[in-house]
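Chains, contacts and geometry: an overview
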Amino acid sequence: MQYNKINNLLGWLCFLIASATYILTLEPSVSFWDCGEFISCAYRLQVSHQPGYPLFAMLGKVFSLLSLGDVTRVPYFTNMGSAIASGATIMFLFWTITAMAKKLLPATAGESEKHAPY
């Protein structure tokens, strides 16, 4: 099997394992600190104080629409969006580490530098 295919499959496997772990430990409502504020601001697309908040607000709004009008389910689906986004972060972190490690390791005899996947 080629390196690219194995790397992609392992990255998606990391995503599935991380997302499943986050979803299984998901808070069905709000918890302490700023979670309630972030969820309510994402639901109404209001302004909050977190750096990087606009992306979270857009993702939170998309996932809050999955509640289909039941406002008691909005925190659950917003937290679900956070869990899936965290799983995607793990996947991209894996791919970043493998790309950096591939650049650091010397090329083997059968491998050419001009045929690198990146």
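As the structure is a prediction and not an experimental result, all values here were calculated from the model. In every chain, residue numbers begin from 1 and rise along the written sequence. Whole-chain, interface and lining totals are the exception, using all residues; otherwise, since this is a predicted model, local features are given only for residues with pLDDT of at least 70 and side-chain atom pairs are given and counted only at 80 or more. Side-chain metrics in this entry use all non-hydrogen atoms of the structure; hydrogen atoms and water are not considered.

Secondary structure is summarised from DSSP: a helix means a run of H or I of at least four residues, a strand means a run of E of at least two, and numbering begins at the N terminus for each. The number of helices and strands found in the chain is four helices and zero strands. Beginning at the N terminus, the succession of helices and strands in the chain can be written as α-α-α-α. To be clear on the numbers: accessible area is Shrake-Rupley with a 1.4 Å probe, and residue cover counts the displayed protein chains and nothing else. Carbon together with sulfur atoms contributes 70% to the accessible area of the chain, which is approximately 8,400 Å² in total.

Take the confidence of the model for the chain next. Per residue, pLDDT measures the predictor's confidence, with a range of 0 to 100. For the chain, the average pLDDT comes to 85, and 89% of its residues sit at 70 or higher. Of all the helices and strands in the chain, helix H2 (residues 35-44) carries the lowest mean pLDDT, 80, while helix H1 (residues 3-24) carries the highest, 95.

Moving on, we come to the environment of Phe56. Among the secondary structure elements, Phe56 is positioned in helix H3 (residues 53-64). A C-alpha to C-alpha distance of 10.0 Å links Phe56 and Leu45, two positions eleven residues apart in sequence.

Pairing of aromatic rings covers Phe, Tyr and Trp, the last counted by its six-membered ring, and requires centre-to-centre distances within 6.5 Å; plane angles under 30 degrees mean stacked, over 60 mean edge-to-face, and any other angle means tilted. Here the structure, examined in full by the defined rule, presents five aromatic pairs. Measuring from ring centre to ring centre gives 6.1 Å for Trp12 and Trp95, while their planes differ by 80 degrees; the resulting arrangement is edge-to-face. Taken together, the residues Trp12 in helix H1 and Trp95 in helix H4 (residues 74-104) connect sequence positions 83 residues apart. Both rings, one in Phe38 and one in Phe56, keep their centres 6.3 Å apart while their planes meet at 70 degrees; by these two values the pair is edge-to-face. Of the two residues, Phe38 is situated in helix H2 and Phe56 in helix H3; the sequence distance between them amounts to 18 residues. On the basis of relative accessible area, Phe38 is assigned to the buried category, the value being 15%. The structure contains a cluster of three or more aromatic residues connected by ring pairs, namely Trp12, Phe15, Phe92 and Trp95. Here the guanidinium or amino end of Lys61 rests over the ring plane of Tyr43, the centre of that ring lying 5.1 Å away. Relative accessibility decides the category of a residue: with a 1.4 Å probe and only protein chains considered, values under 20% of the type maximum give buried, values over 50% give exposed, and everything between is partly exposed. Remark: a charge is flagged as sitting over a ring if the NZ atom of Lys or the CZ atom of Arg is within 6 Å of the ring centre and within 35 degrees of the ring normal.

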